Amino acid sequence: MVLAAPILSTQLGRSAEAWETFSGLSAEERDFRADPVAVQVARDVAAGVPEDGCITVLAYVGADAAEYYRGRLAYLLYPRRVRLFPRSRARTEGCGHLAVFRDTAGNLRGSPFQGRWDQGELDAWLETLEQVHRGELAQVYRLENGEAE
Amino acid sequence: MIYLGLLLTCVAGWLLLPRDYEWGLAAKLSFAFAAGAAAISIEMFVLDLTGVDWGRVTVFLPWIVLAGWRGYRNGAALLDPVWPWRVRMPGLISLLLVAVVLIPVLVWMPFERATPLTSWDAWAIWMLKAKAFYVDGTMSGYLARHEEFVGQPGYPLLVPLYAAFLYVIEGDVADGAAKVISPCFLLALLGVFHHFVRRWTPPVPALAFTAMLAGIPMVDHLGFELAGYAGTALSLYFVAAAGFVYEWYREGGVVNLAGACLAATTAAWTKNEGQFFLAAVLVLVAFQLFRVRTERPALNWCWLAIPGLVLGPWALVRGSHGIEAAGFTPLVDFEGGLFGIALRRLLSMGFDTQLYNLTFLLLLVSIVGALVLRARLLFWILPGLAIWQIAGALLAYATGRNEIQWWLGTSAGRILAQIAPLALMAPVLVYGEWAERSVATKSAEAEPVKRTDSAPKGRKRKGRR
């Protein structure tokens, strides 16, 4: 216990801080406070895609972050099918919706974007699609080729 | 409702525990939670395989029937040792040590209860499955879609199915609330650990060792900060199986034999590392069954079939969806260089007192101590199992399935934390052995003095001079 005491003392401070930050919040608010970007993107997507739907996400995110968002959105949006690509163009066959989002500047500084992103080409493509939800971080569009999910 | 689910878990486990076995209230509650969580997860699995929907009624019904039957058979004795007048109160020093055991829990608990589910492995592997199982109302939806997910779909099912049970009780995916199962597994681990070490040492050292376990930083990190992950549950079943197998070698008894086989099977039902552990336990059990003539030998051999009954159907289900158990094969894909890198990292981490307190140092000291004390052969079961698990981890790292530094950086701490409680059992045994021999030596030294007591007083005084 003598060896553990300094660590427990540090942990006591962390526990107090966590309690101050999260106590009194609902479960959804806690999730948002802990992971604001992924939770907000999930909220935006969920608002535009039915539970049995499929969503292709074009994400301007770092290479490491892409793996994280792929897993995180699959968790938060289940049972929706989620495909995430860190580039501005991807195959969308069999998937009824498209979402586009850009990570925050802070996150991009930590994990810089390394893929191919042609904003002009993407804008031209999005203009041809019906926007079903304009979220805070992600815009959701309906894809005409994605009915056969 | 999640807390009601936890309470029902203890009730279910209590109904499964044998009546004619000696345990205190804390130990019985700990074993009840361990048995209940395992049994409920298997019940959920069987219900799904047989096409029965997971509803509150269908999940509760078998336990209501069992409660009725056991109540009819055992009456009020079923509640032993809950009756207040049958619970012995510990002494002041013991009470103080119980408080010391609970300090780390009380320090960490607000952190765990306040924070949402944030640990990668917890949600990407274990709780994603739980959510998917609950939302789909079956396992097959997720398993059929396994290629979509970055988590490990082939990993065993205790935690996902048990969490899905809690969601059924709650009526919603309350992941932030359900991750409290990890602290519950940790509390049960402390109770089970204390139950065994109390058999090997006097009350105060037993509580002191339990306090030490409760204060191991990485064990607490695993149980509270990584809540929702299966590591703490695995530690619990490791300790239970190791304790039972040791007790079976020492004393025999069908409860110890059954406990060893069931707990080791549950370890394999919790995490893949448990399969490696199960293999060792089965070898130990088979060796003893061959060596010693027991009553009803055929019945005793039957306990070895338990793993097949539980893990076999899961392997079939997994195989039918084309899902691999882990994605690598230790020993087959072996690279010596990677083994060396992993060994150095595990040693440097294991002996870091900031991470594991004195656990692995004491394991080393206990091995030396056992050699010096010429401990009985059966002592080597406990350090042997701990070293076996470490060797299993090293063999996994040596497959090179992932980039080694990344793999070690993201998992070695947790792997050692899972093994730490098991590793701490061997030092307790050596301490117990040493203490017992010290007492015996003192008694032997005191014997001649006792004899002189009956001699004439003058001679006695002279003798003392």
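This structure is a prediction, so every number in the text was calculated from the model and none was measured.

### A short note on the overall build of chain B
So, step 1. Counting its secondary structure elements, chain B contains 23 helices and zero strands.
So, step 2. The globule rule puts the C-alpha radius of gyration for 465 residues at 23 Å, and the 24 Å found for chain B is close to it.
So, step 3. Restricting to contacts in chain B with at least 6 residues of sequence separation, those with at least 24 account for 78%.

### Side note on the confidence of the model for chain B
All names here are of chain B.
So, step 1. A residue-level look at chain B finds 93% of positions with pLDDT of 70 or above and a mean pLDDT of 89.
So, step 2. Of the regions scoring below 50 in pLDDT, residues 451–465 engages in five contacts with residues more than four places distant in sequence or in other chains.
So, step 3. As scored by the predictor, the complex reaches a pTM of 0.91 and an ipTM of 0.91.

### Remarks on the domain arrangement of chain B
Residues and elements named next belong to chain B.
So, step 1. Parsing chain B into structural domains produces domain 1 (2–327) and domain 2 (333–444).
So, step 2. Relative placement of domain 1 and domain 2: their C-alpha centres are 23 Å apart.
So, step 3. Listed per partner, the contact involves 35 residues of domain 1 and 28 residues of domain 2.
So, step 4. Sorting elements by how many residues they give to the side of domain 1 that touches domain 2 places helix H12 (residues 231–251) first, with 10 residues.
So, step 5. Residue composition of the side of domain 1 that touches domain 2, by class: 27 nonpolar, six polar and two charged.

### Considerations on the packing of helix H3 (residues 36–48) of chain A against helix H4 (residues 63–77) of chain A
Residue and element names in this part refer to chain A.
So, step 1. The geometry of H3 relative to H4 is characterised by a closest axis approach of 10 Å and an angle of 50 degrees between their N-to-C directions. In terms of their interaxial angle, H3 and H4 are classed as oblique. The way H3 lies across H4 gives a crossing that is right-handed. Of H4, the residues touching H3 (which contributes Ala 38, Val 39, Val 41, Ala 42, Val 45 and Ala 46) are Tyr 69, Arg 72, Leu 73, Leu 76 and Leu 77.
So, step 2. Looking at the contact of H3 with H4, its residues break down into 10 nonpolar, no polar and one charged.

### Looking at the nonpolar core
So, step 1. Counting residues in hydrophobic clusters, the biggest one holds 187 residues, and the most contacted among them are Leu73(A), Ala34(B), Val192(B), Ala241(B), Val245(B), Ala260(B) and Val281(B).
So, step 2. At 14 residues, H12(B) tops the list of elements feeding residues into this core.
So, step 3. Dropping the residues within four chain positions of it, Ala260(B) is found in contact with Ala241(B), Phe244(B), Val245(B), Trp248(B), Val281(B) and Val285(B).

### Here we look at the environment of Val430(B)
All names here are of chain B.
So, step 1. If you trace the backbone, Val 430 turns up in helix H22 (residues 425–453).
So, step 2. In this structure, the C-alpha to C-alpha distance between Val 430 and Leu 363, residues 67 residues apart in sequence, is 9.7 Å.
So, step 3. Dropping the residues within four chain positions of it, Val 430 is found in contact with Ser 366, Gly 369, Ala 370, Leu 373 and Ala 375.

### Describing unusual backbone geometry
So, step 1. With omega at 15 degrees, the peptide bond leading from Tyr78(A) into Pro79(A) counts as cis.
So, step 2. As for its placement among the helices and strands, Pro79(A) is situated in the loop between H4 and strand E2 (81–85).
So, step 3. A positive phi is found at Asn357(B), a non-glycine position, where the angle reads about 55 degrees.
So, step 4. Of note in this structure, Arg374(B) is not a glycine but carries a positive phi near 50 degrees.

### Describing helix H20 (residues 381–397) of chain B
So, step 1. The terminal C-alpha atoms of H20(B) lie 24 Å apart, and with 17 residues this matches the ideal 24 Å at 1.5 Å per residue to within 8%.
So, step 2. Of all 17 residues that make up H20(B), 12 are buried, and the element is covered over most of its length.

### A look at the interface of chain B and chain A
So, step 1. Contacts between the two partners involve 31 residues from chain B, matched on the other side by 26 residues from chain A.
So, step 2. Sorting the residues of the side of chain B that touches chain A by element identifies helix H4 (92–114), helix H5 (120–136) and helix H18 (353–356) of chain B as the ones contributing at least two each.

### Structural notes on the domain arrangement of chain A
So, step 1. When the domains of chain A are assigned, the result is domain 1 (1–34) and domain 2 (36–146).
So, step 2. On a C-alpha basis, the centres of domain 1 of chain A and domain 2 of chain A stand 32 Å from each other.

### Describing the environment of Ser41(B)
Residues and elements named next belong to chain B.
So, step 1. Note that Ser 41 resides in helix H2 (residues 25–49).
So, step 2. Remark: the alpha-carbon pair of Ser 41 and Ala 164, spanning 123 residues in sequence, is separated by 8.6 Å.
So, step 3. Other than its neighbours up to four places away in sequence, Ser 41 contacts Leu 157, Leu 158, Leu 161 and Tyr 162.

### Some details on the pairing of strand E4 (residues 130–134) of chain A
Residue and element names in this part refer to chain A.
So, step 1. Pairing between E4 and strand E5 (residues 138–142): four bridges, direction antiparallel. Bridge pairing links Glu 130 to Arg 142 in E5.
So, step 2. Connecting E4 to the next strand, E5, in antiparallel fashion are three residues.

### Section: the sheet that holds E5(A)
All names here are of chain A.
So, step 1. On the basis of which strands lie adjacent, the open sheet formed by five strands has the order E2-E1-E3-E5-E4 and mixed pairing. Whereas interior strands pair on both sides, the edge strands pair on one side only; in this sheet they are E2 and E4. Within the sheet, the average angular offset between the axes of one strand and its neighbour, ignoring direction, is 25 degrees.
So, step 2. When strand E1 (residues 54–60) meets E2, the two strands line up parallel, connected through five bridges. Bridge assignment links Val 57 to a residue of E2, and that residue is Leu 84.
So, step 3. Running at roughly 25 degrees to E5, H3 makes contact with E1, strand E3 (97–102), E4 and E5 of the sheet.

Parameters and conventions
- Residues numbered from 1 in each chain as written.
- Chains lettered and ligands numbered in written order.
- Predicted model: local features only at pLDDT ≥ 70, side-chain atom pairs only at ≥ 80, totals over all residues.
- Helix = DSSP H or I, 4+ residues; strand = E, 2+ residues; numbered from the N terminus.
- Rg over C-alpha atoms; globule rule 2.2 N^0.38 Å.
- Contact = placed C-beta atoms within 7 Å.
- pLDDT = per-residue confidence, 0-100.
- Domains from an automatic or database assignment.
- Nonpolar A, V, L, I, M, F, W, Y, C, P; charged D, E, K, R; others polar.
- Axes fitted to C-alpha atoms, helices over the stretch in contact; angles between N-to-C directions.
- Parallel < 35°, antiparallel > 145°, perpendicular 65-115°, else oblique.
- Left-handed = near helix turned anticlockwise from the far one by under 90°.
- Core = buried A, V, L, I, M, F, W, Y, C linked by C-beta atoms within 7 Å.
- Buried ≥ 20, exposed ≤ 12 C-beta atoms within 10 Å, placed from the backbone.
- Expected span 1.5 Å × (residues − 1).
- Pairing = 2+ DSSP bridges.

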